[in-house]
Amino acid sequence: MNFPPGFLWGAATAAYQVEGAAQEGGRTPSIWDVFARIPGKVFSGDTGDTATDHYHRRHEDVALMAELGLGAYRFSVSWPRVQPTGRGPASRRGLDFYRALVDDLLAHGIQPMLTLYHWDLPQELETAGGWPERETAHRFADYAQLVAEALGDRVELWTTLNEPWCSAFLGYGSGVHAPGRTDELAALRAAHHLNLAHGLGAAALRAVLPDRARLSVALNPAAVRARTAAPEDVDAARRVDALATRIFTDPMLHGRYPDDLLADTAGITDWSFVYDGDPDTINHPLDALGINYYAPTVVSGTTDSRPSRADGHGGGERSPWPGADRVAFHQPPGKRTAMDWSVDPTGLYDLLIRFAREVPGLPLVVTENGAAYDDKPDGEGVVHDPDRIAYLHAHLDAVRRAIADGADVRGYFLWSLLDNFEWAYGYSKRFGAVYVDYATQARTPKSSARWYSQVVRSGQLPPF
């Protein structure tokens, strides 16, 4: 049950979820700063103003990573911290935080993996139109160049975007994420311009970074399953696969949009916002493909005008699935996490095998995988989370089996290092391997952190 030599073991976070210091160092508001202040958008009115105060506690957090034996830390850069307003020169104070973080990581033997965009678009760019506007993709390329110029001498692992599906379809389709817009056409335009930003950003990185740098993107492809073998259910799965996965993987990996996606959405748009040459720009060579996975997606065809939306993406009144109005989403039976997501590691195995076959020769990395549970300290301050250990064991076994069956998986990043601001759920959901007391900011490694540390140090998955 060993993992290959050199397998990269890490944990991940995102800037808005952990940094805090929202008004410090010249940082300007992101779309999440604004969205979180709209009444009713985030649970209990929570914001990321303080989050887990990683901005001030990075020494403590890096020391925790070293204590756990992590080989890598996947973090994201706050765009409005580094380039306030999303235009113009970089902020020296903003970059200094990331320089110091990277230096801390390297001093502890931890490899930094930098994600340029994890959903915190500068509000000024949203006011100018946001991701539905082509100009935002060009602004992203400029930002990517600024960060690469500052950190390219020390960071070798670079990721352009995290889960552009969420940015496009939860942010502009269903409106349950920032900026909270509900417009099918805007969501599809946003998806394309996020793809374009990836391609332009990757080219900007290549122009600046040394040859040893490795580029990737972190997607959340859906492990879609038809509820039955009925033709209408199979077609529903095809539609959702196009909207959730192939809308990004086809242009990024193959330089084209899928014909069935264009046909499914023809009643919404003619896709004239895709300019000649855009697919080639998007299809920039990658060194690895990041896959984020939490649970499978089960669908069926339906004639119901208001089909079930048990898709795990919040309870907004508007659907994040343009062109899939007659698709119902179902919660499969079995164990669930505190997010009400099913526990099913076979979906992760299926995705790894799928992309190993679709793009042979392209290494894969599990850039996010984890689970939220209702963790609480016991009377002695110890946080036992056996459900998370069981979840991680099952999913790491799926990774191990995929490797044994030919998938070139190079690393695994646990989501998340710390309990943190869980977007529209505020602080009500805990994904961390490390428990955070939000009142005191005290950190307590959970049982799962100690278990994961043993796996990391040994490179072996123990019997369970």
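The rules behind these values
Residues numbered from 1 in each chain as written. Predicted model: local features only at pLDDT ≥ 70, side-chain atom pairs only at ≥ 80, totals over all residues. Heavy atoms only, no water. UniProt positions renumbered as here; feature names shortened; annotations may be inferred. Helix = DSSP H or I, 4+ residues; strand = E, 2+ residues; numbered from the N terminus. Rg over C-alpha atoms; globule rule 2.2 N^0.38 Å. Buried < 20%, exposed > 50% of the residue type's maximum accessible area, 1.4 Å probe, protein only. Contact = heavy atoms within 4.5 Å. Areas by Shrake-Rupley, 256 points an atom, 1.4 Å probe, with all protein chains shown as cover. Polar contact = N/O pair within 3.5 Å; in protein donor to acceptor, adjacent residues only side chain to side chain. Pairing = 2+ DSSP bridges. Axes fitted to C-alpha atoms, helices over the stretch in contact; angles between N-to-C directions.

- Per an unreviewed UniProt entry, the chain goes by the name Beta-glucosidase and belongs to Streptomyces syringium.
- Of the chain, the UniProt comment under Sequence similarities (unreviewed entry) reads exactly: "Belongs to the glycosyl hydrolase 1 family."
- Taken verbatim from the UniProt record of the chain, the Catalytic activity (unreviewed entry) comment is "Hydrolysis of terminal, non-reducing beta-D-glucosyl residues with release of beta-D-glucose."

**Notes on the overall build of the chain**
Argument step 1. Check the secondary structure of the chain and you find 15 helices and 13 strands.
Argument step 2. Expected size for 464 residues packed as a compact globule is a radius of gyration near 23 Å; at 21 Å, the chain falls within 12% of this value.
Argument step 3. Considering the chain as a whole, with its 464 residues, one finds that 62% of them fall into the buried category.
Argument step 4. Sequence-distant contacts, at least 24 apart, represent 77% of the contacts inside the chain between residues at least 6 apart.
Argument step 5. When the accessible surface of the chain is summed, it comes to about 16800 Å², and 50% of that surface belongs to carbon and sulfur atoms.

**Notes on the UniProt feature "active site" (unreviewed entry) in the chain**
Argument step 1. Mapped onto this numbering, the UniProt entry gives "active site" (unreviewed entry) at E368.
Argument step 2. You can see E368 is positioned in strand β10 (residues 364-369).
Argument step 3. In this structure the side chain of E368 is engaged in a polar contact, spanning 3.4 Å, whose partner is the side chain of R74.

**What about the pairing of strand β3 (residues 111-117)?**
Argument step 1. Along β3, six of the seven residues are buried, which leaves the element largely enclosed by surrounding structure.
Argument step 2. Taken together, the four bridges between β3 and strand β4 (residues 157-162) define a ladder with parallel strand orientation. If you follow T115 over to β4, its bridge partner there is T159.

**So, unusual backbone geometry**
Argument step 1. In this structure, P179 follows A178 across a cis peptide bond, with omega equal to 10 degrees.
Argument step 2. The topology assignment puts P179 in the loop between α8 (164-170) and α9 (184-208).
Argument step 3. Cis geometry is found at the peptide bond from W415 to S416, where omega equals 5 degrees.
Argument step 4. Looking at the element boundaries, S416 is found in the loop between β11 (409-415) and β12 (434-437).
Argument step 5. A positive phi angle, close to 65 degrees, is found at D340, a residue other than glycine.
Argument step 6. Counting through the fold element by element, D340 comes out in the loop between β9 (327-330) and α13 (346-358).
Argument step 7. Residue classification places D340 among the partly exposed residues on the basis of a relative accessible area of 44%.
Argument step 8. Despite not being glycine, Q441 shows a phi value in the positive range, around 65 degrees.
Argument step 9. Here Q441 lies in the loop between β12 and β13 (442-445).

**Quick notes on the sheet that holds strand β8 (residues 297-301)**
Argument step 1. In space, the three strands of this open sheet follow the order β6-β8-β9, with mixed pairing throughout. In this open sheet, the two edge strands, each paired with only one partner strand, are β6 (224-226) and β9. Averaged over all pairs of adjacent strands, the angle between strand axes in this sheet comes to 40 degrees, irrespective of strand direction.
Argument step 2. Across four bridges, β8 lies against β9 in antiparallel orientation. Looking at β9, one finds that S300 is bridged to A328.
Argument step 3. Along the sheet face, helix α10 (residues 231-254) touches β6, β8 and β9 and points at about 130 degrees away from the line of β8.

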